[in-house]
Amino acid sequence: MRPRQRDIIAVLLCLLTCLVATPQPASAQQPIPGTYAQGFLQSEGDPYAIVGPGTTAVAPTGLFGTSIGDGRLFQGGWFANPGYANSGFERPPLFPRLHNRVYFAADYLLWDVDGMRTPRMVTTSPAGTPSDTAGVLGETGTSVLFGGGEINGGATSGVRLMGGLWITPDQRVGLDVEYINLAEQTDGYNTGSNGSPILARPFFDVAAGQETAQLIAYPGIVAGGTNISSSSDLSSLMLGARIALCPAPGPCLDPCASPDGVHFLVGYRGVDLDDRITINENLTSQISNIPGTLSLVDRFETRNEFDGIQFGVLHRMTLQRAWLESSLRVAAGTNEQTINISGSNRAVESGVAIDSSGGLYAQRSNIGNHRRDEFTMIPELGLRLGVRLTRSLHATIGYSALYFPNVVRASEQIDTDLNPGLFAPGDDPLTGAFRPRVLWRETDYLAHGLTLGGELQF
């Protein structure tokens, strides 16, 4: 979690503490007297009150400022329990000052997410292929072992935590907080050879103007291997206000008003999408008069840090024991794009190690930390169906979709157009283009899927 987000949460917790500690009128802390009708306990605090002749029961309001049930809905239903009602016992609210004003929810997420595309990074050729064409893209027999597709995509798990508090007792204005975190996705590739099979890392030589390749393993020349690892993760923080839009005519608490609740949402939203890919290569010379080893590392990291103002609308419709909620939110703000590229190599000859900057795809032409800001809009759709298990506990199932446009992904920043004149030690005069370079390739990110969880109301 970023420092800016921690500060916002600290302010929210302070505000909630003040609200909870605020003294309430004495009348607000007195228990609501119950009445009996048709053998059932009735009260204004019972969301499943059964209204009988000669009694008056006000249909309570739920978390979203609308009636969550009346007596007609539950007569003879699952909550018709004469034995409980005639006992004369009614459980008091756990927090009288915040009765029917606080909720917590937790969802398990099973989402499908967009991965990041990779260039073709490891190739092979049939035995007997000449060394100057082995592993070269476009040559007869060359096949790709890794790259040219998508990694870190597909189904992933996650969690969404939500909470809220109605600031006003009439449930017209409230505060909401939401946190989403998807499990880190990983992918990779590992291979090695003593020369058979042939292994290579392809690239385009900008100085010579042709495709070529660096050999990882070739009989009688070099033995070695490569290890590629990658990871991606997404998190989101939302903090905002909820304002009830009352149906006309009548106030929000009018029991004769529409049972549907519509709310306007406004607040802050932060979204982080981070990617990493690391390529390690270890080579051992098989040429007797040129002994030695060479280790190369290329590392590409990207971060998309979005901060913006979010607007939205939420609608919850009551369906007897269930409710259906739909929402549309759009956040507009700045996405700080960061590309961090690093590379290194170590050559050991006659027991002497020489360390240099630069691997293969990471050279002094693109190594460094690069940043820029882009205006971005992030829409999110949500649909939830809730079923009341008890007065306070609801089971939920739903669908959500989050769209994050104009993002930079780590593997898509790998430039395979290289100038061999930059390779270590790089003492010769450079001819040709200054490549590789920082590409700033942008793409879109979509995460969507099933949500399954519960909601607890106090």
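Criteria and cut-off values
Residues numbered from 1 in each chain as written. Predicted model: local features only at pLDDT ≥ 70, side-chain atom pairs only at ≥ 80, totals over all residues. Heavy atoms only, no water. Phe/Tyr/Trp six-rings, centres within 6.5 Å; stacked < 30°, edge-to-face > 60°. Helix = DSSP H or I, 4+ residues; strand = E, 2+ residues; numbered from the N terminus. Buried < 20%, exposed > 50% of the residue type's maximum accessible area, 1.4 Å probe, protein only. Lys NZ or Arg CZ within 6 Å of the ring centre and 35° of its normal. Core = buried A, V, L, I, M, F, W, Y, C linked by side-chain atoms within 4.5 Å. Contact = heavy atoms within 4.5 Å. 1 Å grid on protein atoms, 1.4 Å probe; cavity = no way out; pocket = protein on both sides within 12 Å on 5 of 7 lines; lining within 4 Å. Points joined across faces, edges and corners; volume = space filled by probe spheres on them. Nonpolar A, V, L, I, M, F, W, Y, C, P; charged D, E, K, R; others polar.

S.K.: What is the right way to read the packing of aromatic side chains from this model?
M.R.: Two aromatic rings are characterised by how far apart their centres lie and by the angle between their planes. With the rule as written, the count across this model stands at four aromatic pairs. Seen in terms of ring centroids, phenylalanine 264 and phenylalanine 311 are 6.5 Å apart; in terms of plane orientation they differ by 35°. Their pairing is tilted. Placement of the pair is phenylalanine 264 in strand E14 (residues 261-285) and phenylalanine 311 in strand E15 (residues 293-319), with a sequence separation of 47 residues. Their ring planes at 75° and their centres at 6.3 Å tell us that phenylalanine 306 and phenylalanine 404 sit as a pair that is edge-to-face. Here phenylalanine 404 lies in strand E19 (residues 393-407) and phenylalanine 306 lies in strand E15, a separation of 98 residues in the sequence. Judged by its relative accessible area of 0%, phenylalanine 306 is buried. When the ring centre of tryptophan 323 is taken as origin, the NZ or CZ atom of arginine 316, which lies over that ring, is 3.4 Å away.

S.K.: Got a minute to help me understand the nonpolar core in this structure?
M.R.: Generally speaking, a soluble globular protein has its nonpolar side chains buried in company with each other. Ranked by size, the top nonpolar core spans 20 residues in total, and within it Met121, Ile228, Ile277, Phe300, Tyr361 and Ile414 carry the most contacts. For this core, the secondary-structure elements that each account for two or more residues are E14 and strand E16 (322-349). Setting aside residues up to four positions removed in sequence, isoleucine 414 forms contacts with Pro119, Met121, Ile277, Ile279, Phe300, Tyr361, Leu439 and Arg441.

S.K.: Would you take a moment to explain empty space enclosed by the protein for this structure?
M.R.: If a probe the size of a water molecule is rolled over the atoms, the empty space left behind becomes visible. Taken as a whole and assessed by the stated rule, the structure comprises five cavities of 30 Å³ or more. When its volume is computed, the largest cavity comes out at roughly 280 Å³. Lining the largest cavity are 24 residues, and of these Met162, Glu178, Leu314, Glu325 and Arg329 sit closest to its centre. The element that contributes the greatest number of residues to the lining of the largest cavity is strand E18 (residues 368-388), accounting for five residues. Across the lining of the largest cavity, the residue classes tally to 11 nonpolar, five polar and eight charged.

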